[in-house]
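Analysis of the macromolecular model
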Amino acid sequence: MSAWSRTLDELMRERAGALFGYAYVLTGDADEAEDLLQDALVRTFRSGRRIGTLDSAHAYVKRAISTAFIDRHRRASARPSRDRGDNGDYSLARASAAGPDHSGRVDSQLDLHAAILTLPPRERACVVLRYLDDLPVAGVASELGLAVGTVKRYLSDAVARLREICADVDFDDSESVPVNSHVPGGQ
């Protein structure tokens with residue numbers, strides 16, 4: 001068994017759930033998340049080169065997921081698409097009678113997830129990396145290959161939109177800086 005094959009096996013045994021979860025948060029659809037993860041794995045391991053450690057393979061696949069997600073939306077916006085049916089509609093989710101009632105918290109999490117799905121792809125990727133993966137702004141910029149200022153702008157716009165939709169969610173960010181728009185000719 002080659003080194004890249006062992007790395008792939010270990011990655012899928014230990015981190016498949018986390019990688020799928022990351023793809024699912026971005027897409028909002030289990031089938032699309034599986035496709036996205038598969039594409040990222042093929043991109044990462046198709047050349048047969050040695051990736052290195054499990055952590056570096058995980059980071060590389062995660063970056064490939066982000067890139068593939070943004071690329072898909074860029075291509076899809078240039079082409080007409082057909083309706084795939086359920087696009088994150090959680091009204092069909094079944095309630096479980098086992099355990100205490102967490103429906104209020106679950107509802108707000110589902111509302112937040114639905115709100116995240118309304119964001120443009122780059123803003124969505126920035127929000128997921130910053131607030132769900134807890135990366136610093138510089139880490140998000142590095143992960144997505146963007147300038148730090150661009151990431152700050154995407155986060156500012158995304159958080160403003162999310163606050164409109166989900167007023168009860170707190171996006172406390174010690175790294176954030178207010179972004180002041182300059183209106184040409186204005187005072």
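So, here is what we can say about the structure in this document. Along every chain, residues carry numbers that run from 1 in the direction the sequence is written. Residue-level local features of this predicted model are given only where pLDDT is at least 70; pairs of side-chain atoms are given and counted only at 80 or more, and the full residue set underlies all totals for whole chains, interfaces and linings. Remark: hydrogens and water are excluded; side-chain values derive from all non-hydrogen atoms of the structure.

Description of the overall build of the protein chain
When helices and strands are tallied, the protein chain shows seven helices and zero strands. Put simply, the protein chain runs from its N terminus to its C terminus through helices and strands in the order α-α-α-α-α-α-α. The buried label goes to any residue with under 20% of its type's maximum accessible area, the exposed label to any with over 50%, and the partly exposed label to all in between, with areas taken from a 1.4 Å probe on protein chains only. When burial is assessed residue by residue, the protein chain has 32% of its 187 residues classed as buried. In the protein chain, 70% of the contacts between residues at least 6 apart in sequence involve partners at least 24 apart. The method behind every accessible area is Shrake-Rupley, applied with a 1.4 Å probe, and residues are considered shielded solely by the protein chains displayed. Accessible surface, the protein chain as shown: approximately 11,600 Å² in total, 50% of it carbon and sulfur. Only DSSP runs of H or I covering at least 4 residues are called helices, and only runs of E covering at least 2 are called strands; the numbering of each starts at the N terminus. Any two residues whose heavy atoms approach within 4.5 Å at even a single point are treated as in contact.

Quick look at the packing of helix H6 (residues 137-144) against helix H7 (residues 148-165)
Look at H6 against H7: their axes get within 9 Å of each other, and the N-to-C directions meet at 105 degrees. Taken together, the axes of H6 and H7 lie roughly perpendicular to each other. Residues Val137, Ala138, Val140 and Ala141 of H6 lie in contact with H7, whose contacting residues are Val148, Val151, Lys152 and Leu155. Each residue receives one of three labels: charged for Asp, Glu, Lys and Arg, nonpolar for Ala, Val, Leu, Ile, Met, Phe, Trp, Tyr, Cys and Pro, and polar for the others, Gly being one of them. Across the contact of H6 with H7, the residue classes break down as seven nonpolar, no polar and one charged. An axis is simply a line fitted to the C-alpha atoms; with a helix, the fit covers only the stretch in contact. Between two such axes, the angle follows the N-to-C directions and lies from 0 to 180 degrees. Any angle that is under 35 degrees is reported as roughly parallel, and any over 145 degrees as roughly antiparallel; angles of 65 to 115 degrees are reported as roughly perpendicular and all others as oblique.

Let's talk about the packing of aromatic side chains
Ring pairs are drawn from Phe, Tyr and Trp, using the six-membered ring of Trp, whenever the two centres fall within 6.5 Å, and their geometry is named by plane angle: stacked under 30 degrees, edge-to-face over 60, tilted for the rest. Within the structure shown, the criterion is met by one aromatic pair. With a centroid separation of 6.2 Å and an interplanar angle of 25 degrees, the aromatic rings of Phe20 and Tyr24 are classed as stacked. Taken as a pair, Phe20 and Tyr24 lie in helix H1 (residues 3-27) at a separation of four residues, close to a single helical turn. Distance and angle both matter: a charge sits over a ring if NZ of Lys or CZ of Arg is within 6 Å of the ring centre and within 35 degrees of the ring normal. Its guanidinium or amino end placed over the ring of Tyr22, Lys62 lies 5.1 Å from that ring's centre, counting from NZ or CZ. Here Arg130 stacks its cationic end above the ring of Tyr131, 5.6 Å away from the centre of that ring.

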